[in-house]
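# Descriptive structure summary
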Amino acid sequence: MQTINEGFQKITPDPRIQAIIIAYMFGAFIEGAAGYGTPAALAAPLLVGLGFPPVAACSVALISNSTPVPFAAVGTPMLTNMTNLSSAVAEQLGIPLDLFTAEVTQKTVLYLGLAGFIVPILLVVTLVMFYSTGRRLKSIVEMIPFCLLASCSFVIPYYLLGTYLGPEFASIISACIGLAVTIMAARHKIFVPKHVWYFYDIEHDEVIMPKEILGSVGRKKLLKAWLPYLIIAAALLLTRVPAFGLRGLLNSATIHIENILGVEGLNYDFALIYNPGLIPFIIVALGTMFAYRKSLTKEDVAHIFGATGKQVLTIAIALVSGIAMVQIMLGSGNNHSGLPGMITQISETLVASFGNAFPFIVPLLGVFGAFVSGSCTVSGVMFGPLEFQTAMILGFNAASIIALQMAGGAIGNMICIHNVVAVSSTTNAVGNEGKIISMNILPCLVYAALVLVVYCAFG
């Protein structure tokens, strides 16, 4: 981490630019390759290693993990939700599913892309407003040119790829382009402010200065430090892109449980090897330990496993309870009384209350679904069919409504309980989950509001 820290300090010592490069761009690449909370879990510890306060690292990592989310894991959330709507599309629209998928994808990249120009600015505003005492407005304004450069380098390819190539590579390729552009711009001081902003420790009334770099960081040393992350990124890409042929093979090793608790049709599948926790994270971690075996003693190894175990134990209760709550909400419609499920009841009440203003609550439904479930995919599965039917009844464009749902589900990742608890555990920020959510609520609502503005302008 110290070597990576020194490498980024050579690019730029400014935490605002570091947040854009690591949280926004590198995080988007990991989102496009793996998704499911992986980007924040990778980006936040890197930011902490650069000197970010843990809560700040968690906040910007989660804010960044929004725009690329519908096309995570090579388009999984979008494709899953389209499959979930396949029968409704065939029966009520009478068009092939791929045509409907293409239209929803095009509208999703339009809504999230145009509104997403503000995301790098939201990162800067969050850092400056919570970790500065003076010169706040100047510290934000001077970063706007670089923020817009970062937005353009990601959003323009994002829109073009989503519109003309489909959902699979909208995020992953755009992130590669954006990462190259922002690193080059930072190295050559393009749109980089002359003033370097640093974190201010309000509690101790002092500026947090980065550690002084002594000497230069060699390329071999830097490559060795980055190698585990590069292997993770490559492994995620190879195992998630169907063209490489590994995705189906890994998915074939599945634990299948039928008729849980005797309920007909209530099944559960868990792809053990396809789970990113096993491949590549555990394998790369063990491989890294083996590669550094000369400098690791038995005591070091015991400490690593012990510290990791303690981190897992501190979040286990919250994670298990949160997932159990989601499963109860999802399965509550399966009852002997014939009553509608909790999610259906909530949604129908909202629809009855808002009527023709329904499109304006769709992104908020998406945010709510992601908040409770921790997943844009699950949010769409919960609300997508209802929203599709409501759109047909009220005469709205169904593709636009589903795109608003996908956008809301993506934006909800900023504050979703599952991701907040998970990322706080990787940065030793456990106990600050409420603070992280409170910091991210306003960026979440601003992004959702801008999505609705784009919807009103373009339909």
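Placed above this text is the structure.
Cut-offs used in this document
Residues numbered from 1 in each chain as written. Predicted model: local features only at pLDDT ≥ 70, side-chain atom pairs only at ≥ 80, totals over all residues. Heavy atoms only, no water. Core = buried A, V, L, I, M, F, W, Y, C linked by side-chain atoms within 4.5 Å. Buried < 20%, exposed > 50% of the residue type's maximum accessible area, 1.4 Å probe, protein only. Helix = DSSP H or I, 4+ residues; strand = E, 2+ residues; numbered from the N terminus. Contact = heavy atoms within 4.5 Å. Patch = residues over 30% accessible without salt bridge, like charges linked within 9 Å, V, L, I, M, F, W, Y side chains within 5 Å. Areas by Shrake-Rupley, 256 points an atom, 1.4 Å probe, with all protein chains shown as cover. Salt bridge = Lys/Arg side-chain N within 4 Å of Asp/Glu carboxyl O. Phe/Tyr/Trp six-rings, centres within 6.5 Å; stacked < 30°, edge-to-face > 60°. Axes fitted to C-alpha atoms, helices over the stretch in contact; angles between N-to-C directions. Parallel < 35°, antiparallel > 145°, perpendicular 65-115°, else oblique. Left-handed = near helix turned anticlockwise from the far one by under 90°. Polar contact = N/O pair within 3.5 Å; in protein donor to acceptor, adjacent residues only side chain to side chain. Expected span 1.5 Å × (residues − 1).

This next bit is on the nonpolar core. In terms of nonpolar packing, the biggest core is built from 117 residues, with Ile 20, Phe 100 and Val 451 touching the most fellow members. For this core, the leading source of residues is helix α2 (residues 15–33), giving 13 residues. Apart from the residues within four sequence positions on either side, Val 451 is in contact with Tyr 111, Leu 112, Ala 115, Leu 404, Ala 407 and Ile 411.

Here we take up a nonpolar patch on the surface. Taken together, the side chains of Ile 255, Ile 257, Tyr 268, Leu 272, Leu 278, Ile 282, Leu 286, Ile 304 and Phe 305 make up a nonpolar region of the molecular surface, amounting to roughly 780 Å² of accessible area. Where the nonpolar patch is concerned, the elements lending two or more residues are β3 (254–257), α14 (277–291) and α15 (298–331). Among the elements that line the nonpolar patch, the one with the most residues is α14, at 3 residues. Topologically, Tyr 268 is positioned in strand β4 (residues 268–271).

Using the criterion set out here, one finds 11 aromatic pairs in the structure. Where Tyr 111 meets Tyr 455, the ring centres are 6.1 Å apart and the plane angle is 85°; that geometry is what we call edge-to-face. Taken together, the positions of Tyr 111 in helix α7 (residues 97–115) and Tyr 455 in helix α21 (residues 433–458) put the pair 344 residues apart, joining distant regions of the chain. With a relative accessible area of 13%, Tyr 455 lands in the buried category. When the ring of Tyr 131 is compared with that of Phe 199, the centres are 5.5 Å apart and the planes differ by 85°; the resulting orientation is edge-to-face. You can see Tyr 131 sitting in the loop between α8 (119–130) and α9 (136–141) and its partner Phe 199 sitting in strand β1 (residues 199–201), a full 68 residues away along the chain.

We now examine the packing of helix α1 (residues 2–11) against α2. Between α1 and α2, the least distance of the axes is 10 Å, while the angle of their chain directions is 120°. Here α1 is positioned oblique relative to α2, judged by the angle of their axes. Judged by the sense of rotation from one axis to the other, the crossing of α1 with α2 is right-handed. Of the residues in α2, those touching α1 at Phe 8, Gln 9 and Ile 11 are Gln 18, Ile 21 and Ile 22.

Mapped onto the secondary structure, Arg 16 falls in helix α2. Look at Arg 16 and you get buried, because its relative accessible area is 0%. Separated by 2.6 Å, the side chains of Arg 16 and Asp 14 make a polar contact. Reaching out from Arg 16, the side chain makes a polar contact with the backbone oxygen of Ser 139 at a distance of 2.6 Å. The contact partners of Arg 16, leaving out residues within four places of it in the chain, are Val 124, Leu 127, Val 128, Ser 139, Glu 142, Met 143, Pro 193, His 195 and Trp 197.

Moving on, we get to helix α3 (residues 38–49). Between the first and last C-alpha of α3 there are 17 Å, a value that for 12 residues agrees with the 16 Å anticipated at 1.5 Å per step. Those residues of α3 not exposed but buried are Thr 38, Pro 39, Ala 40, Leu 42, Ala 43, Ala 44, Pro 45, Leu 46 and Leu 47. The secondary structure elements touched by the buried residues of α3 are α1, α2, α4 (54–64), α12 (219–240), α14 and α20 (417–426). Two residues or fewer after α3 comes Gly 51, characterised by a positive phi angle close to 105°.

Before going further, it helps to spend a moment on the pattern of salt bridges. Side chains that differ in sign of charge can pair as their charged atoms come close. This structure, assessed with the given rule, holds 3 salt bridges. Where Asp 14 meets Arg 16, a salt bridge forms, and the shortest distance between an N and an O atom there is 2.6 Å. The two residues Asp 14 and Arg 16 agree in class, both being buried. A salt bridge links Arg 16 to Glu 142; the shortest N-O distance between them is 2.9 Å. Here the residue Arg 16 occupies a position in helix α2, and Glu 142 occupies one in the loop between α9 and α10 (144–164), the gap between them amounting to 126 residues. Residue Glu 142 is classed as partly exposed on the basis of its relative accessible area of 21%. Here the residues in one salt-bridge network are Asp 14, Arg 16, Arg 135 and Glu 142, joined through shared partners.

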